[in-house]
Amino acid sequence: MAAQTQPGVEEVWGWLSEVPDPEIPVISLTDLGIIRGVEWQGDTLVVRVTPTYSGCPATSVINLDIETALRRHGIEKLRLERQLTPPWTTDWISPEGREKLRAYGIAPPVDGTAADGVLAGRIARMTGTNLKIACPRCGSTHTEGISQFGSTPCKASYRCKDCLEPFDYFKCI
Amino acid sequence: MPSLPDMTTPNVADLAREAAQTASAHPAVPQPDAGQEAFSEMLLRLGDSTLILGHRISEWCGHSPALEEDIALANVALDLIGQTQLWLSLAGEVEGKGRSADDLAYLRDAWDFRNLLICERPNGDFGHTLMRQFLFDAWHHELLKALAASSDPRVAEIAAKAGKEVAYHLERSSDLVVRLGDGTEESHRRMQEALDDLWSYAGEMFIGDAKDAEVAARGIAPDPSSLRAAWDQTLQHVLTEATLQIPEGSFAHKGGKQGIHTEHLGYILSEMQFLQRAYPGASW
């Protein structure tokens, strides 16, 4: 009986693509790439979610938002599972998500700027090879890092040397 | 005489277990699997270190010299406390007594904490805090790289996750140690003093005991001493650039991993655990 009323997983993915990220509401949870799986196990819908950062305070809000959205669509038996492997990477942010970030004033992650290793990042920055992060406001790549951390764990603070505006950079991880 | 545990007092839990076993009136206390005990101990050492250091640097929130630094320190604290949640949850799972990460963080007293002593050192000035962070990050980064290849998949996945975050911590603390070490006369002096002060607390990170040997033999975690060479190399590189002198002494304070702490830990716990002590079981 229940099987006949089960919505398909594609439909569920569609619903989840309408749930905004609580910290950056212009992008959805699926844009962010943190929904790692949707499947039916018998009559229970299982949604696997991965955290962006292990201490991200939005995690519990995200779970609550997912649950609220799915219940609104009539899902009764629901289980949210945390999935740590593979660890979340900014590579999973969708192309649409990157555009939405830029339009919102947050520079999207640039490949190859992750702090991978002891000194690679610092050397790259000191030699200027790493300063390719474009200002989301004027597009200039004449920018400088202020701090490896910004208003949320996933962002760094930058400043544009041309238009002089400070901005958030969604750092590569 | 006071009965606080010290270096010569045998483990109280072992004494209790022994007493319970010899007294026929009591049912036998199950002996925990020695290997699992070493495993949960290793997880406590890790989770307690990230918890106590995370709490320590959160004390800077609202007090840092610049807004960006305030935000950065709070974010590093947040990462460390998030990692604590993962390590202590696993510690409770491996221990098998039904204790959650919150139970472990809020309902234990100082002698049950297993953090490294360097994590409970007072913050001192901003330079002192950053130097402590750099010495810790350089070790933490190597440790997580090794743990990402752990024979236990639960450890490996947490380490892989945390390792990405800690790479940023190390990048930031290295940067600032260089900037302040090779900065003004005043900042240089303070950074050198911080390094000299903290040096004798760094060695504990590399000293193993029987429990470390047990988890190393099972491929769960690296032998602590195996992390020293890479750590030395990072220090050599960063501190040379920072124009700072690496101290020569090899004396190392130890005991934190066995529950023998400095006077500072109790003060940290009295603040961190206040709510659960005043209102047991409170949740929101």
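Predicted, not measured: the structure shown is a model, and the values here were computed from it.

Side note on the overall build of chain A
Argument step 1. In terms of regular secondary structure, chain A is built from 6 helices and 7 strands.
Argument step 2. Along the chain direction, N to C, the helices and strands of chain A fall in the order α-α-α-β-β-α-β-α-β-α-β-β-β.
Argument step 3. Going through the 173 residues of chain A one by one, you find that 38% of them count as buried.
Argument step 4. Taking contacts inside chain A between residues at least 6 apart in sequence as the whole, the part at least 24 apart equals 52%.

Re the nonpolar core
All names here are of chain B.
Argument step 1. Membership of the largest hydrophobic core comes to 104 residues, with the highest contact counts inside it found for L43 and V177.
Argument step 2. Of the residues forming this core, the biggest block, 13 residues, is contributed by helix α3 (residues 67–95).
Argument step 3. Contacts of L43, omitting those with residues within four sequence positions, involve W87, L90, A91 and V94.

Thoughts on the packing of helix α7 (residues 153–181) of chain B against helix α8 (residues 185–202) of chain B
Residue and element names in this part refer to chain B.
Argument step 1. It is at 7 Å that the axes of α7 and α8 come closest, and there the two elements cross at 125°. Classified by the interaxial angle, the pair formed by α7 and α8 is oblique. Between α7 and α8, the contacting residues are V177, L180 and G181 on the first element and S187, H188 and M191 on the second.
Argument step 2. Taken together, the residues of the contact of α7 with α8 sort by class into 3 nonpolar, 3 polar and no charged.

Re the interface of chain B and chain A
Argument step 1. Listed per partner, the contact involves 27 residues of chain B and 23 residues of chain A.
Argument step 2. Taken together, the elements giving at least two residues each to the side of chain B that touches chain A come down to α3, α7 and α10 (228–241) of chain B.
Argument step 3. When residues of the side of chain B that touches chain A are assigned to their parent elements, the largest contribution, 14 residues, is made by α7(B).
Argument step 4. Class assignment of the residues belonging to the side of chain B that touches chain A gives a composition of 11 nonpolar, 7 polar and 9 charged.

Thoughts on the sheet that holds strand β1 (residues 35–41) of chain A
Adjacent strands of a sheet pair through backbone hydrogen bonds, lying either parallel or antiparallel.
Residue and element names in this part refer to chain A.
Argument step 1. Spatial strand order, β1-β2-β3: 3 strands in an open sheet with mixed pairing. Whereas interior strands pair on both sides, the edge strands pair on one side only; in this sheet they are β1 and β3 (78–82). Strand-to-strand twist in this sheet, taken as the mean axis angle between neighbours without regard to direction, amounts to 20°.
Argument step 2. Alignment of strand β2 (residues 44–49) against β3, held across 5 bridges, turns out to be parallel. Following the sheet pairing, V49 is matched in β3 by R82.

Quick notes on α8(B)
Given 3.6 residues to a turn, an α-helix orients residues that are three or four positions apart in the same direction.
All names here are of chain B.
Argument step 1. For α8, spanning 18 residues, the distance from its first C-alpha to its last is 25 Å, which sits close to the expected 26 Å at 1.5 Å a residue.
Argument step 2. A maximum bend of about 25° is found in α8 at D196.
Argument step 3. Burial in α8 covers these residues: R190, M191, A194, L195, Y201 and A202.
Argument step 4. Residues of α8 that are buried make contact with α5 (117–120), α6 (126–147) and α7.

Observations concerning helix α11 (residues 264–272) of chain B
Residue and element names in this part refer to chain B.
Argument step 1. Of the positions making up α11, those classed as buried are L265, I268 and L269. Considered in projection along α11, the buried side chains sweep an arc of 95° and stay on one side of the axis. In α11, the exposed positions that point more than 90 degrees away from the buried face belong to Y267, S270 and E271.

Let's talk about the domain arrangement of chain A
Argument step 1. Looking at chain A, the domain boundaries give domain 1 (2–88) and domain 2 (93–170).
Argument step 2. On the domain 2 of chain A side, the residues contacting the 11 residues of domain 1 of chain A number 11 residues.

Some details on the confidence of the model for chain B
In low-pLDDT regions, the fine details of the predicted coordinates are not to be read closely.
Residue and element names in this part refer to chain B.
Argument step 1. The predicted model of chain B averages 91 in pLDDT, with 88% of residues at 70 or higher.
Argument step 2. Every residue in residues 23–30 is under pLDDT 50, and counting partners more than four places away or in other chains gives 5 contacts.
Argument step 3. What the predictor reports for the complex is a pTM of 0.87 with an ipTM of 0.84.

Things to note about the pairing of β2(A)
Residues and elements named next belong to chain A.
Argument step 1. Bridge count between β1 and β2: 6 bridges; the pairing is antiparallel. Paired with V38 across the two strands is V47, which belongs to β2.
Argument step 2. The antiparallel pairing of β1 with β2 creates a hairpin that spans 2 residues between the two strands, and G42 there sits at a positive phi of about 65°.
Argument step 3. For the crossover that starts at β2, traverses helix α4 (residues 59–72) and ends in the parallel β3, the hand is right-handed.

A closer look at the sheet that holds strand β5 (residues 143–147) of chain A
Argument step 1. The strand order β4-β7-β6-β5 (chain A) describes an open sheet built from 4 strands, whose pairing is mixed. In the strand order of this sheet, the two ends are held by β4 (106–107) and β5 of chain A, each with one partner.

Considerations on the environment of C135(A)
All names here are of chain A.
Argument step 1. Within the secondary structure layout, C135 lies in the loop between α6 (120–126) and β5.
Argument step 2. Given 24 C-beta atoms within a 10 Å radius, C135 is considered buried.
Argument step 3. Sequence separation of C135 and P166 is 31 residues, and the distance between their C-alpha atoms is 8.7 Å.
Argument step 4. Apart from the residues within four sequence positions on either side, C135 is in contact with S140, T143, C160, D162, C163, E165 and F167.

Remarks on unusual backbone geometry
Argument step 1. Residue T85(A) is joined to P86(A) through a cis peptide bond whose omega torsion reads -10°.
Argument step 2. Of note, L164(A) is a non-glycine position whose phi angle comes to about 70°, a positive value.
Argument step 3. When you line up the elements, L164(A) lands in the loop between β6 (155–160) and β7 (166–170).
Argument step 4. Positive phi is not limited to glycine here, since T243(B) has a value of about 55°.
Argument step 5. Note that T243(B) resides in the loop between α10 and α11.
Argument step 6. Given 13 C-beta atoms within a 10 Å radius, T243(B) is considered partly exposed.

Some words on the environment of L235(B)
Residue and element names in this part refer to chain B.
Argument step 1. On the secondary structure map, L235 appears in helix α10.
Argument step 2. Under the C-beta neighbour-count criterion, L235 is labelled buried, with 21 such atoms within 10 Å.
Argument step 3. Note: C-alpha distance between L235 and S49 (186 residues apart in sequence) is 20 Å.

Criteria and thresholds
- Residues numbered from 1 in each chain as written.
- Chains lettered and ligands numbered in written order.
- Predicted model: local features only at pLDDT ≥ 70, side-chain atom pairs only at ≥ 80, totals over all residues.
- Helix = DSSP H or I, 4+ residues; strand = E, 2+ residues; numbered from the N terminus.
- Buried ≥ 20, exposed ≤ 12 C-beta atoms within 10 Å, placed from the backbone.
- Contact = placed C-beta atoms within 7 Å.
- Core = buried A, V, L, I, M, F, W, Y, C linked by C-beta atoms within 7 Å.
- Axes fitted to C-alpha atoms, helices over the stretch in contact; angles between N-to-C directions.
- Parallel < 35°, antiparallel > 145°, perpendicular 65-115°, else oblique.
- Nonpolar A, V, L, I, M, F, W, Y, C, P; charged D, E, K, R; others polar.
- Pairing = 2+ DSSP bridges.
- Expected span 1.5 Å × (residues − 1).
- Bend = angle between axes of the 7 residues up to and from the residue.
- Arc of directions from axis to C-beta.
- Domains from an automatic or database assignment.
- pLDDT = per-residue confidence, 0-100.
- Right-handed = clockwise from strand over helix to strand, strands pointing away.

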